[in-house]
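# Close look at the chain arrangement
Residues per chain, in single letters:
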Amino acid sequence: MSRREELADGLAQVRGRIERACAEAGRDASEVTLVAVTKFFPASDVRLLADLGVTDVGENRHQEAEAKAAECADLDLRWHYIGGLQSNKAGAVARYAHVVESLDRTKLVGRLDRGAQERGRPVDVLLQVSLDPPGAEHRAGADPADLAALADAVVAAEHLRLRGLMAVAPLGEEPSAAFDRLAGVRSTFLDHHPSADVLSAGMSGDLEAAIAVGATHVRVGSAILGSRPLDR
Ligand SMILES: *Cc1c(COP(=O)(O)O)cnc(C)c1O
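The structure reproduced in this document is the subject of the present report. All of these numbers come straight from a predicted model, not from anything done at the bench.

## A few points about the pattern of salt bridges
Under the criterion given, the structure shown has 15 salt bridges. A salt bridge links Lys-68 to Glu-64, with the nearest nitrogen and oxygen atoms 2.7 Å apart. Here the residue Lys-68 and the residue Glu-64 both occupy positions in helix α3 (residues 62-71), the gap between them amounting to four residues, near one helical turn. Asp-124 serves as the salt-bridge partner of Arg-163, at 3.1 Å between the closest nitrogen and oxygen. Note that Arg-163 is positioned in strand β6 (residues 160-166) and Asp-124 in strand β5 (residues 123-128), a separation of 39 residues in sequence.

## Description of the packing of helix α1 (residues 3-25) against helix α2 (residues 43-51)
Two measures define how a pair of helices packs: the angle their axes make with one another and the distance between the axes. Where α1 meets α2, the axes come as close as 10 Å, and the angle between the chain directions of the two elements is 55 degrees. Judged on the interaxial angle alone, α2 and α1 are oblique. For α1 against α2, the interelement crossing comes out right-handed. Of α2, the residues touching α1 (which contributes Arg-3, Arg-4, Leu-7 and Leu-11) are Asp-45, Leu-48, Leu-49 and Asp-51. Grouping the constituent residues of the contact of α1 with α2 by class yields four nonpolar, no polar and four charged.

Procedures and definitions
- Residues numbered from 1 in each chain as written.
- Predicted model: local features only at pLDDT ≥ 70, side-chain atom pairs only at ≥ 80, totals over all residues.
- Heavy atoms only, no water.
- Salt bridge = Lys/Arg side-chain N within 4 Å of Asp/Glu carboxyl O.
- Helix = DSSP H or I, 4+ residues; strand = E, 2+ residues; numbered from the N terminus.
- Axes fitted to C-alpha atoms, helices over the stretch in contact; angles between N-to-C directions.
- Parallel < 35°, antiparallel > 145°, perpendicular 65-115°, else oblique.
- Left-handed = near helix turned anticlockwise from the far one by under 90°.
- Contact = heavy atoms within 4.5 Å.
- Nonpolar A, V, L, I, M, F, W, Y, C, P; charged D, E, K, R; others polar.

The following block contains the structure:
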């Protein structure tokens, strides 16, 4: 099988899963955008995916993302930054990312805003919410209690557009239980920011559970591209 055939096969399977999950949830499959997570894979794969109809790609490492976005600058793709944001890199990320999905600290807002301003185009922002049970060792994401202040900071930033929320189901728990909490957090959030209705949740292993609670974006890597050597 050629690489193109492998990717076409992975994509067809994932698209089929999205369609079935939407049908089960009584949703239209057009409500869910597939973000192909290409971290660890070469720009040549991004190119093949674009040719196979992928419109959105996700990356989680700044240097890798920056290089790949530059190599693929001729393609009409939306780049989603989904990784941990370091404050000294936030401005640089805003120069190539169309969507920053992993904003979790107010401290980063000013830097992202300046990066977007330098680029001369607004950047879409999702707030990453932590779904860890209270007391768990902290992974990425803002505490739900801190979301309101973070959202206000983004709304006040001239070159950022608050579009919604992003989350990753924690390890060691049923994804559907974590996504149920996410749905509750989102419902409160939407009361205050009704137009910020993007919900990015669901990966290769749990996209069905995320679609069941209303995900509008799923971020899928290994189910399309194959397993990564190891997650750095
Ligand atoms: C790597 C990654 C994904 C994709 O994970 P898969 O299990 O390979 O689908 C999704 N979201 C984030 C934040 C990631 O870092």
